[in-house]
Amino acid sequence: MEEGSAIEPGAHLLNAHTGKGQQFDWVFVPGFEDWHIPDGRADTTEQLAEELRAVLVMVSRARHGIVITRAQSLIPKAGNPYATRESQWWPMIVEACPMNTNTLAQHISELISQAISRDESVSATPQASPRVLGEVPANAGAAESLARGADGTG
């Protein structure tokens, strides 16, 4: 994909560098665990600085918002689960992206309402799945996530 080229509608799976110069409605950054972000092979100050630049590029590509997740445990090919540590940059992201699962659901509902009010041709209001927009119990699943609306609300 060339920098500055038009983005087609739909989901796009990109690495941090491919998205440079592009904007997307939503950006999802999975795997915000130590060893993944920053890459476990980055050990010099310069390499870590480049990893942080890549993270900043990822989070700056969103028009509406960002969803960042991390696993509390992973299962390798050998099959023995192990606990993960949060990325060294997780606290910085938590501070910048204070939206939790419930406020993310509210933000998405507001975006849907705004889209419907702009488009008179929509005959029925889309119904969101309660699993997606409902309250998520604190112990539901092994991943943590944060999100931030593009307007900085959380």
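Fair warning: this is a prediction, and the values are worked out from it, not measured in the lab.

A. Layout of the packing of aromatic side chains. For the structure on display, the rule yields one aromatic pair. Ring centres of Phe32 and Trp90 lie 6.0 Å apart, and the angle between their planes is 50 degrees; on these two criteria the pair is classed as tilted. Here Trp90 lies in helix 2 (residues 90-96) and Phe32 lies in the loop between strand 1 (24-29) and helix 1 (45-59), a separation of 58 residues in the sequence. Judged by relative accessible area, which is 0%, Phe32 ranks as buried.

B. Looking closely at the environment of Ala16. Relative to the elements of secondary structure, Ala16 occurs in the segment before strand 1. The class of Ala16 is buried, set by a relative accessible area of 16%. Separated by 45 residues in the primary sequence, Ala16 and Arg61 place their C-alpha atoms 9.8 Å from one another. Here Ala16 is in contact with Ala54, Val57 and Met58, once residues within four sequence places are set aside.

C. Layout of the nonpolar core. The biggest cluster of nonpolar side chains holds 17 residues, and the ones touching the most others in it are Val29, Phe32, Ile37, Val55, Met58 and Ile68. If you list the elements that add at least two residues to this core, you get strand 1, helix 1, strand 2 (62-71) and helix 2. Ranked by residue count, the leading element in this core is helix 1, at four residues. With residues near it in sequence (within four places) discarded, Phe32 still touches Ile37, Val55, Ile68, Thr69, Arg70, Glu86, Ser87, Trp89, Trp90 and Ile93.

D. Fine view of the pattern of salt bridges. For the structure on display, the rule yields four salt bridges. Among the ionic pairs, Arg85 bridges to Asp34, the shortest N-O distance being 2.2 Å. Residue Arg85 is found in the loop between strand 4 (82-83) and helix 2, and its partner Asp34 is found in the loop between strand 1 and helix 1; the two are separated by 51 residues along the sequence. A relative accessible area of 59% places Arg85 in the exposed class. With a closest N to O distance of 3.1 Å, Glu50 and Arg53 form a salt bridge. You can see Glu50 and its partner Arg53 sitting in helix 1, three residues apart, about one turn around the helix. For Glu50, a relative accessible area of 35% gives the class partly exposed.

About the cut-offs
Here the residue index of a chain counts from 1 through its sequence in written order. Given that the model is predicted, a residue must reach a pLDDT of at least 70 before its local features are reported, and side-chain atom pairs must reach 80 or more before they are shown or counted; all residues, however, enter totals for whole chains, interfaces and linings. The side-chain quantities take in all heavy atoms of the structure and omit both hydrogens and water. Two rings from Phe, Tyr or Trp (for Trp, the six-membered ring) form a pair when their centres sit within 6.5 Å of each other. Planes less than 30 degrees apart are called stacked, planes more than 60 degrees apart edge-to-face, and all others tilted. By definition, any uninterrupted DSSP run of H or I lasting at least four residues is a helix, any uninterrupted run of E lasting at least two residues is a strand, and each is numbered from the N terminus. A 1.4 Å probe rolled over the protein chains alone gives each residue an accessible area, and that area as a share of the maximum for its type sets the label: buried under 20%, exposed over 50%, partly exposed in between. Contacts between residues were defined by any pair of non-hydrogen atoms, one from each residue, lying within 4.5 Å. By nonpolar core we mean a set of buried residues, namely Ala, Val, Leu, Ile, Met, Phe, Trp, Tyr and Cys, connected to one another through side-chain atoms within 4.5 Å. We define a salt bridge as a contact between a side-chain nitrogen of Lys or Arg and a carboxyl oxygen of Asp or Glu at a distance within 4 Å.

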